[in-house]
Amino acid sequence: MSNIKLFESKQVRSKYDEKEQKWYFSVVDVVGILTESPDPRNYWKVLKHRLIKEGSQSVTKCNQLKMQSADNKFYLTDVADTQVLLRLIQSIPSIKAEPFKLWLAKVGYERLEEIENPEIAAQRTRDLYKQKGYPDDWIEKRMRSIAIRGVLTEEWKNHEVTEQKQYGILTAEIAKATFGLTPAKHKKVKKLKRENVRDNMTDMELIFSMLGEASTTAIVKTKHPKGFKENKVTAKQGGAIAGNARKALEIKTGEKIVTKKNYLPSLKQQRKLK
């Protein structure tokens, strides 16, 4: 399970290993927060070299996992679990060290709560969007889109889609058929970098995104495609259903569904004008 955690409004890419029952965090993200360095990757590179020379075991215990980068692609990234991360923090002089340690403990405790009661995770996601300034009606659409996405990926898993990279390709096929452009190009239209494109979608963009993925899920459930190639066909078919509906609406209204506006900044700007 991949996720983005926030520490003082700054993103920390993370992944929960269900088998090992532990979180792994992007070391570069943590280094960036603690040092506030303009180049956290280089800071980590220098620190890692120094720790290796000193014979530190912390660096050797860092793993690598594929995590999403600013260009929306997945790259192998140095990660560390909570125990290793606490050791690395001791090597970084920072006034944020103690608050970050407390944050790590909180993240671990919250995951235990979410395992006991999955509804807590959904409520925390709602609260996070609320803190960022999103209105309740948009939050409910976003939560629904997350749920629809979860059902679709589960169906892909049950129909022999096995690699993380394949999920990304199938998602891109749905988006391309729905909006006429891939998620990466959608981000460029909105001039986004590391931000999640769906978190910047307007109501209508979210609705058509949900339609594309829900349609794909329905086709997968009835046609039972097997493997990546067959599921790629159904992804295009599901996205086309949403794409045709989008085009029909655009003809009626004379307005494009895909917009360069980023939802939250636009919302904040509207409030300032009131």
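Residues numbered from 1 in each chain as written. Predicted model: local features only at pLDDT ≥ 70, side-chain atom pairs only at ≥ 80, totals over all residues. Heavy atoms only, no water.

> Could you clarify how one ought to interpret the overall build of the protein in this entry?
In terms of helices and strands, the protein carries twelve helices and five strands. For the protein, with 274 residues in total, the buried portion stands at 43%. At a minimum sequence separation of 6, the contacts of the protein that also span at least 24 residues come to 58%. Per element, the accessible surface of the protein, about 15,900 Å² overall, is 54% carbon and sulfur. (Helix = DSSP H or I, 4+ residues; strand = E, 2+ residues; numbered from the N terminus. Buried < 20%, exposed > 50% of the residue type's maximum accessible area, 1.4 Å probe, protein only. Contact = heavy atoms within 4.5 Å. Areas by Shrake-Rupley, 256 points an atom, 1.4 Å probe, with all protein chains shown as cover.)

> Whenever I open this one, the pairing of strand β3 (residues 22–26) confuses me. Can you help?
On a regular strand, one side chain projects to one face of the sheet and the next to the other, so that they alternate. Counting buried positions over the five residues of β3 gives four, a clear majority of the element. In the sheet, strand β2 (residues 10–17) pairs with β3 via four bridges, with the strands oriented antiparallel. Each residue of the ladder has a partner; that of Tyr 16, found in β3, is Trp 23. With antiparallel pairing between neighbouring strands as the criterion, β2 and β3 make up a hairpin whose turn holds four residues, including Gln 21 at a positive phi of roughly 60°. (Pairing = 2+ DSSP bridges.)

> Is there a simple way to think about the nonpolar core in this case?
Counting residues in each nonpolar core, the largest one holds 26 residues, and the members touching the most others are Phe 25, Trp 44, Leu 85, Leu 88 and Phe 100. Of all the elements in the fold, those that place two or more residues in this core are β2, β3, α1 (27–35), α2 (40–53), α4 (82–89) and α5 (97–116). A total of six residues in this core trace back to one element, the largest contributor, which is α1. For Phe 25, the contacting residues outside a window of four places in its chain are Val 12, Arg 13, Ser 14, Val 30, Asp 78, Val 79, Ala 80, Thr 82, Leu 85, Trp 103, Leu 104 and Val 107. (Core = buried A, V, L, I, M, F, W, Y, C linked by side-chain atoms within 4.5 Å.)

> What is the right way to look at helix α10 (residues 203–223) in this model?
Since the α-helix packs 3.6 residues into each turn, any two residues three or four apart lie on the same face. The end-to-end C-alpha separation of α10 is 30 Å, in line with the 30 Å expected for 21 residues at 1.5 Å each. Along α10, the residues classified as buried are Glu 205, Leu 206, Phe 208, Ser 209, Met 210, Gly 212, Glu 213, Ser 215, Thr 216, Thr 217, Ile 219 and Val 220. Close packing links the buried residues of α10 with α7 (136–158), α8 (164–179), α9 (183–189) and α11 (227–253). Looking at the residues trailing α10, positive phi occurs at His 224, about 50°. (Expected span 1.5 Å × (residues − 1).)

> Got a minute to help me understand the packing of α7 against α8 in this structure?
A pair of packed helices is characterised by two quantities: the angle between their axes and the separation of those axes. Look at α7 against α8: their axes get within 12 Å of each other, and the N-to-C directions meet at 125°. The orientation of α7 relative to α8 falls into the category oblique. Considering only the axes of α7 and α8, their crossing is right-handed. Two secondary-structure elements touch here, α7 through Arg 149, Leu 152, Thr 153, Trp 156 and Lys 157 and α8 through Tyr 167, Leu 170, Thr 171 and Ile 174. Residues that form the contact of α7 with α8 fall into these classes: five nonpolar, two polar and two charged. (Axes fitted to C-alpha atoms, helices over the stretch in contact; angles between N-to-C directions. Parallel < 35°, antiparallel > 145°, perpendicular 65-115°, else oblique. Left-handed = near helix turned anticlockwise from the far one by under 90°. Nonpolar A, V, L, I, M, F, W, Y, C, P; charged D, E, K, R; others polar.)

> Could you clarify how one ought to interpret the environment of Leu 249 in this entry?
One can find Leu 249 in helix α11. Here Leu 249 falls in the partly exposed class, since its relative accessible area comes to 27%.

> Quick question: what am I supposed to make of the confidence of the model for the protein here?
If pLDDT is low for a region, its predicted coordinates should not be looked at in detail. Per-residue pLDDT for the protein has a mean of 84; in total, 87% of the residues score no lower than 70. Averaged pLDDT values for the elements of the protein fall to 53 in helix α12 (residues 263–273) and rise to 98 in α11. Confidence drops under a pLDDT of 50 for residues 270–274, and excluding neighbours within four residues, the segment shows one contact in the predicted structure. (pLDDT = per-residue confidence, 0-100.)

> How should the pattern of salt bridges be read in this particular structure?
If charged atoms from side chains of opposite charge come close, those side chains can pair. Scanning the entire structure with this criterion turns up 15 salt bridges. Residue Lys 130 is joined to Asp 136 by a salt bridge in which the shortest nitrogen-to-oxygen separation is 2.4 Å. With relative accessibility at 45%, the residue Lys 130 sits in the partly exposed group. Assessed through its relative accessible area of 47%, Asp 136 is described here as partly exposed. Across the salt bridge formed by Lys 176 and Glu 173, the nearest N and O atoms sit 4.0 Å from each other. (Salt bridge = Lys/Arg side-chain N within 4 Å of Asp/Glu carboxyl O.)

> Is there a simple way to think about the environment of Leu 76 in this case?
In this structure, Leu 76 sits in strand β5 (residues 74–81). The spacing of Leu 76 and Asn 63 is 13 residues in sequence and 9.4 Å in space, taken between C-alpha atoms. Every residue in contact with Leu 76, bar those within four places of it in the chain, is listed here: Gln 64, Leu 65 and Lys 66.

> Would you mind showing me how to read the packing of aromatic side chains here?
Any two aromatic rings considered together are summarised by their centre-to-centre distance and by the angle between their planes. Under the criterion given, the structure shown has five aromatic pairs. Ring geometry for Tyr 129 and Trp 138: centres 5.4 Å apart, planes at 70°, overall edge-to-face. Residues Tyr 129 and Trp 138 agree in their burial class; the two are buried. A ring pair is formed by Trp 156 and Tyr 167, whose centres lie 5.8 Å apart and whose planes are at 80°; its orientation type is edge-to-face. (Phe/Tyr/Trp six-rings, centres within 6.5 Å; stacked < 30°, edge-to-face > 60°.)

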